[in-house]
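# Reading the structure
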Amino acid sequence: MNEWMFSLVILGGSLLAGLLGSLTGLGGGVVLVPMLAILFKVDLRYAIGASLISVIATSSGSAAAYVREGFSNIRIGMFLEIATTAGAIAGAWLATRVPTRSIAIVFSLVLLYSVYLSFGRHGEERVPDNPWSNRLKMNGTFPGMDGKEQHYAVTNISGGFATMFGAGALSGLLGIGSGAVKVLAMDNIMRIPFKVSTTTSNFMIGVTAAASAGIYLRRGYIDAPLVAPVMIGVVIGSLLGAKLLVKSNVKSLRIIFSVVIFALAVEMIYSGCMGKV
Amino acid sequence: MLLSVAVTFVGMSLYLWSSGPVHANYRMFGAGSRKLFDIGELLPNLLHGNPIALIQLGILLLVATPVARVAFLVVAFALERDRMYVAVSGLVLAILLYSLIFFR
């Protein structure tokens, strides 16, 4: 098939990936890379590069809205970004050293784990103000259900920091946003309210991805004609997903999505082991 | 403070949008045009109207967006006289710039 057709097909596929990712909160990256690598037979490195760029795109888009609505906690985000960006550089560096087969296997494991994570229960208890949370000015408020500002504090910051390094490394290595891991770190480990975790994670993702992007660019992982339709498709898809989110039955979607991801993960492990990737 | 940050965020997003969609229309028709990303070659290619260079420019702008966002935050924190977070965001900015410019 000629280039135009190919681009269009990729655009459509990326749109679907962005749509599903946004509807289920699992993110487009985890769908995108397997789809490109297995379905479209794109070299895994180009797939990761394209996914990384589109991750930046979707993150920048939604970040603005969340900050405006007062959910994201910028200080927490910035502080943890130190860990994620450092991790991202480590991950990207690893990506250039590790054979693609291993990357594929790691990817599948992360896929499976994200599915597991998405069904998890969220930490409900609020944490009282504590010295470190105060010292690092991480306490904050967010608009509660009744419209009143709800106060919260943060705990286990070092645990969160360490996890964020891992999240950044995964992002740099696999070209995904690692949103799920970031939310895990904030929600479960640091006991930050869920809505704050997800929105803060959103704006952190773009910064993290940018950290690994530079290395990818220099190593030639970014193939412009491939990235263009992917980026545009994913952005449109996630915008659509955000609009549809209100009207959709998320739970059943999530189950379908998880089955799909599970299948993709198995496929990837197989390809990785067989050396097909 | 939130307002200034929000404004810059919105500005960044719009900026990003303007560079995104343009590029699909400039896609070249023809196989085997996989040019490698070379910053040095970028400017002359652009001036020649090379469509791939245009896409590459768009990608560069996109990657620059979060970096600019962090830079804006450094300024915003400075304006709020929050020295601790000027340092924090400054550190993030340094890490970002390091990865983009110096890392081998």
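Counting restarts for each chain, with residues numbered from 1 along the sequence as it is written. All chains are assigned letters beginning with A, and all ligands numbers beginning with 1, in the order in which they are written. Selection of residues for local features in this predicted model requires a pLDDT of at least 70, selection of side-chain atom pairs for listing and counting requires 80 or more, and totals for whole chains, interfaces and linings are taken over all residues.

On to the overall build of chain A, then. Secondary structure elements follow DSSP: runs of H or I of four or more residues count as helices, runs of E of two or more count as strands, with numbering from the N terminus. Along the backbone of chain A there are 11 helices and two strands. Counting other C-beta atoms within 10 Å of its own, a residue is labelled buried from 20 upward, exposed at 12 or fewer, and partly exposed in the gap between, with every C-beta atom placed from the backbone. The buried share of chain A, taken over its 277 residues, is 58%. The long-range share in chain A, meaning contacts at least 24 apart out of those at least 6 apart in sequence, stands at 81%. What counts as a contact is two residues whose backbone-derived C-beta atoms lie within 7 Å of each other.

Along its length, chain B carries four helices and zero strands. Secondary structure of chain B in N-to-C order comes out as α-α-α-α. Sorting the 104 residues of chain B into buried and exposed places 33% on the buried side. Pairs at least 24 apart in sequence give 54% of the contacts found in chain B among residues at least 6 apart.

Quick look at helix H4 (residues 74–97) of chain A now. One turn of the α-helix equals 3.6 residues, which is why residues spaced by three or four share an orientation. Here H4 of chain A spans 34 Å end to end across 24 residues, near enough to the 34 Å set by a 1.5 Å rise per residue. Within H4 of chain A, 18 of the 24 residues are buried, which leaves the element mostly enclosed by the surrounding structure. Expected span, for any helix, means 1.5 Å times one less than how many residues it has.

All names here are of chain A. If you trace the backbone, Ala224 turns up in helix H10 (residues 224–245). In this structure Ala224 comes out as buried when scored by C-beta crowding, with 25 C-beta atoms within 10 Å. Each C-alpha atom, one on Ala224 and one on Tyr46, is 9.6 Å from the other, the two residues being 178 residues apart in sequence.

Here we take up the environment of Phe107 of chain A. Residue and element names in this part refer to chain A. Note that Phe107 resides in helix H5 (residues 100–118). We classify Phe107 as buried; it has 29 C-beta atoms within 10 Å. In this structure, the C-alpha to C-alpha distance between Phe107 and Ile176, residues 69 residues apart in sequence, is 9.4 Å. When near neighbours in sequence (up to four residues on either side) are disregarded, Phe107 contacts Val33, Leu174 and Met268.

With that settled, the discussion passes to helix H9 (residues 194–218) of chain A. Residue and element names in this part refer to chain A. Across its 25 residues, H9 extends 37 Å between first and last C-alpha, which sits within 8% of the 36 Å expected from 1.5 Å per residue. Two axes define the bend at a residue: one fitted to the seven residues ending there, one fitted to the seven starting there, and the bend is the angle between them. The largest bend in H9 amounts to roughly 30° and is located at Ser212. Counting buried positions over the 25 residues of H9 gives 22, a clear majority of the element. Of the residues trailing H9, Gly220 is marked for its positive phi of about 80°.

Turning next to unusual backbone geometry. Of note in the backbone geometry, Arg81 of chain B takes a positive phi value of approximately 60° without being a glycine. Judged by C-beta crowding, with 7 C-beta atoms within 10 Å, Arg81 of chain B ranks as exposed.

Our next topic: the packing of helix H8 (residues 179–189) of chain A against H9 of chain A. For any two helices packed against each other, one specifies the crossing angle of their axes together with the interaxial distance. Residue and element names in this part refer to chain A. Where H8 meets H9, the closest approach of the two axes is 9 Å, and the angle between their N-to-C directions is 135°. If you check the angle between H8 and H9, you find them oblique. In this structure, H8 crosses over H9, and the sense of that crossing is right-handed. Each of Gly179, Lys182, Val183, Met186 and Asp187 in H8 lies in contact with H9, whose residues at this interface are Phe194, Ser197, Thr198, Thr200, Ser201, Met204 and Ile205. Three categories are distinguished: nonpolar for Ala, Val, Leu, Ile, Met, Phe, Trp, Tyr, Cys and Pro, charged for Asp, Glu, Lys and Arg, and polar for the others, with Gly belonging to the last. For the contact of H8 with H9, a count of residues per class yields five nonpolar, five polar and two charged. Only C-alpha atoms enter the line fits that serve as axes; for helices the fit covers just the stretch in contact. Angles between N-to-C directions range over 0 to 180 degrees. Put simply, angles under 35 degrees are roughly parallel, angles over 145 are roughly antiparallel, angles from 65 to 115 are roughly perpendicular, and the rest are oblique. By convention, the crossing between two helices is left-handed when the near helix turns anticlockwise from the far helix through less than a right angle, and right-handed when the turn is clockwise.

Below, the discussion takes up the confidence of the model for chain B. Residues and elements named next belong to chain B. On a scale of 0 to 100, pLDDT captures the predictor's confidence in every residue. For chain B, the mean per-residue pLDDT works out to 67, and 45% of the residues sit at or above 70. No element of chain B has a lower mean pLDDT than helix H1 (residues 2–19), at 56, and none a higher one than helix H4 (residues 83–102), at 84. In the model, residues 21–35 has pLDDT below 50 throughout and makes 26 contacts with residues more than four positions away in sequence or in other chains.

Residue and element names in this part refer to chain B. Counting through the fold element by element, Gln56 comes out in helix H3 (residues 51–79). Take Gln56: there are 27 C-beta atoms within 10 Å of it, and that puts it in the buried class. Expressed as a C-alpha distance, the spacing of Gln56 and Tyr85, which sit 29 residues apart in the sequence, is 33 Å.

Looking now at the packing of H4 of chain A against helix H7 (residues 157–174) of chain A. All names here are of chain A. Interaxial distance between H4 and H7 falls to 6 Å at its minimum, and their mutual angle equals 35°. Between H4 and H7 lies a crossing whose hand is right-handed. Its residues placed into classes, the contact of H4 with H7 shows 16 nonpolar, nine polar and no charged.

All names here are of chain A. To count as a nonpolar core, a set of buried Ala, Val, Leu, Ile, Met, Phe, Trp, Tyr and Cys residues must be joined through C-beta atoms within 7 Å. Ranked by internal contacts, the top residues of the largest apolar core, which has 105 residues, are Val33, Ile53 and Val227. Broken down by element, the residue count for this core peaks at 12 residues, all from H9. With residues near it in sequence (within four places) discarded, Val33 still touches Ala47, Ile48, Ser51, Phe107, Leu174, Gly175 and Ile176.

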